[in-house]
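# Secondary and tertiary structure notes
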Amino acid sequence: MSTTNQTGQARTFVVANQKGGVGKTTTAVNLAAALGLSGQRILLIDLDPQGNATMGSGVDKRVLDRSVYQVLLGLASIADVRRRCPGAPYDVLPANRELAGAEVELVGLENREYRLRDALVAVGREYDIVLIDCPPSLSMLTLNGLCSAQGALIPMQCEYFALEGLSDLVNSIRKVQANFNPDLQWIGLLRVMFDSRTTLQQQVAQQLETHFGDKVFRTVIPRNVRLAEAPSYGEPGVSFDPASRGAKAYREFAAELLERLDAL
Ligand code: ATP
Ligand code: MG
């Protein structure tokens, strides 16, 4: 069954969390690869000047002649800038540090929150799913991501302070929904870097289910060193070591996400 909506435009999901180092990029890259391998047509957008999703997809951020920066400023189209990931079947719209300047340059532009959404219209029919990897902030870049999406995927570690940051994030997303993007319909929480031997992590994982119910994905991503090693080979963990526990978990997550989309 196709995951596109009635308009034929791809469904778009943003991977966001204002906390740094919580697994956003690992989730975006591996989900893109797992969905691509299952036959979905995928575009992964790197909206982070760190360019980690770009490098992790095997595209060298240091030698790009154009990036998502030009797309946001209206100087290039997505079709001009996107690249094919060499190790797994998906396209990536790359980023590098040049993107940090967009934050300031967007301020003076009209429709500054909707630059990415508007750029996506031209390629939306070529994909089933678009995934957007955000920087660790609630910046104009992240707002562009949130304004383009129907759903927000929030990776989180099961630590005590994670819960505190989470309510801020959920409130921010609700505000975006109310003021900028009524299409942002749902939020899904993904537990990542999980260590089942730690009692505290088990407790927090359980609390999340109690508080957030079916907003929490069933799939839990374990802490797995192969997922951490894969980016240095310029490949998603899912294709770098398909037999690893991490790869298996991200494939399960991709299947769970597709199942949820079918039910929408
Ligand atoms: P930032 O906020 O800087 O963009 P991020 O939220 O995108 O960070 P990642 O870069 O995905 O986080 O992950 C942070 C670090 O944790 C990386 O070194 C990554 O390889 C590692 N990591 C992520 N997920 C896992 C996992 N399941 N098991 C082991 N290591 C992981
Ligand atoms: Mg990241």
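Above this text you will find the structure in question.
Conventions and cut-offs
- Residues numbered from 1 in each chain as written.
- Chains lettered and ligands numbered in written order.
- Predicted model: local features only at pLDDT ≥ 70, side-chain atom pairs only at ≥ 80, totals over all residues.
- Heavy atoms only, no water.
- Core = buried A, V, L, I, M, F, W, Y, C linked by side-chain atoms within 4.5 Å.
- Buried < 20%, exposed > 50% of the residue type's maximum accessible area, 1.4 Å probe, protein only.
- Helix = DSSP H or I, 4+ residues; strand = E, 2+ residues; numbered from the N terminus.
- Contact = heavy atoms within 4.5 Å.
- Patch = residues over 30% accessible without salt bridge, like charges linked within 9 Å, V, L, I, M, F, W, Y side chains within 5 Å.
- Areas by Shrake-Rupley, 256 points an atom, 1.4 Å probe, with all protein chains shown as cover.
- Salt bridge = Lys/Arg side-chain N within 4 Å of Asp/Glu carboxyl O.
- Pairing = 2+ DSSP bridges.
- Near = heavy atom within 4 Å.
- Polar contact = N/O pair within 3.5 Å; in protein donor to acceptor, adjacent residues only side chain to side chain.

## Digging into the nonpolar core
- If you look at the biggest cluster of nonpolar residues, it comprises 52 residues, and the most contacted ones within it are Leu43 and Ile45.
- With six residues, the top contributor of residues to this core is helix 8 (residues 160-179).
- Beyond its immediate sequence surroundings of up to four residues, Leu43 is in contact with Ile78, Arg82, Asp91, Val92, Leu93, Leu120, Val123, Tyr127, Ile129, Val130 and Leu131.
- Within the second largest apolar cluster, 36 residues are counted, among which are Phe13, Tyr90, Leu131 and Val192.

## A short note on a nonpolar patch on the surface
- Side chains of Tyr160, Phe161 and Leu200 sit close together on the surface and give an oily, nonpolar patch of about 360 Å² of accessible area.
- Here Phe161 shows up in helix 8.

## Structural notes on the sheet that holds strand 6 (residues 151-156)
- Overall, mixed pairing links the eight strands, which are arranged 3-4-2-5-1-6-7-8 in an open sheet. Unpaired on one side and paired on the other, strand 3 (83-84) and strand 8 (216-222) mark the two borders of the sheet.
- Bridge count for strand 7 (residues 186-194) against strand 8 is three bridges, and the pairing is parallel. Each bridged residue has a counterpart across the sheet, and for Arg191 the counterpart in strand 8 is Val220.

## What about the environment of Leu208?
- Relative to the helices and strands, Leu208 resides in helix 9 (residues 199-212).
- Exposure remark for Leu208: the relative accessible area of 0% places this residue in the buried category.
- Between the C-alpha atoms of Leu208 and Leu189, which are 19 residues apart in sequence, the distance is 8.6 Å.
- Non-local contacts of Leu208, meaning those with residues more than four positions away in its chain, are made with Met156, Cys158, Leu163, Leu166, Leu189, Arg191, Gly213 and Val216.

## Observations regarding the site of ligand 1
- Close to ligand 1 lie 18 residues, the nearest being Gly21, Lys24, Thr25, Thr26 and Asn224.
- The separation between an oxygen atom of ligand 1 and a polar main-chain atom of Val22 is 3.0 Å.
- In this structure, an oxygen atom belonging to ligand 1 sits 2.8 Å away from a main-chain N or O atom of Thr25.
- It is helix 1 (residues 24-37) that provides the largest number of residues to the shell around ligand 1, a total of three residues.

## A closer look at the pairing of strand 2 (residues 42-46)
- Among the five residues of strand 2, five are classified as buried, and the element is accordingly described as predominantly covered.
- Side-chain alternation along strand 2 places Ile42, Leu44 and Asp46 on one buried face and Leu43 and Ile45 on a second face that is also buried.

Bear in mind that shape data such as this cannot, by itself, settle questions of function.
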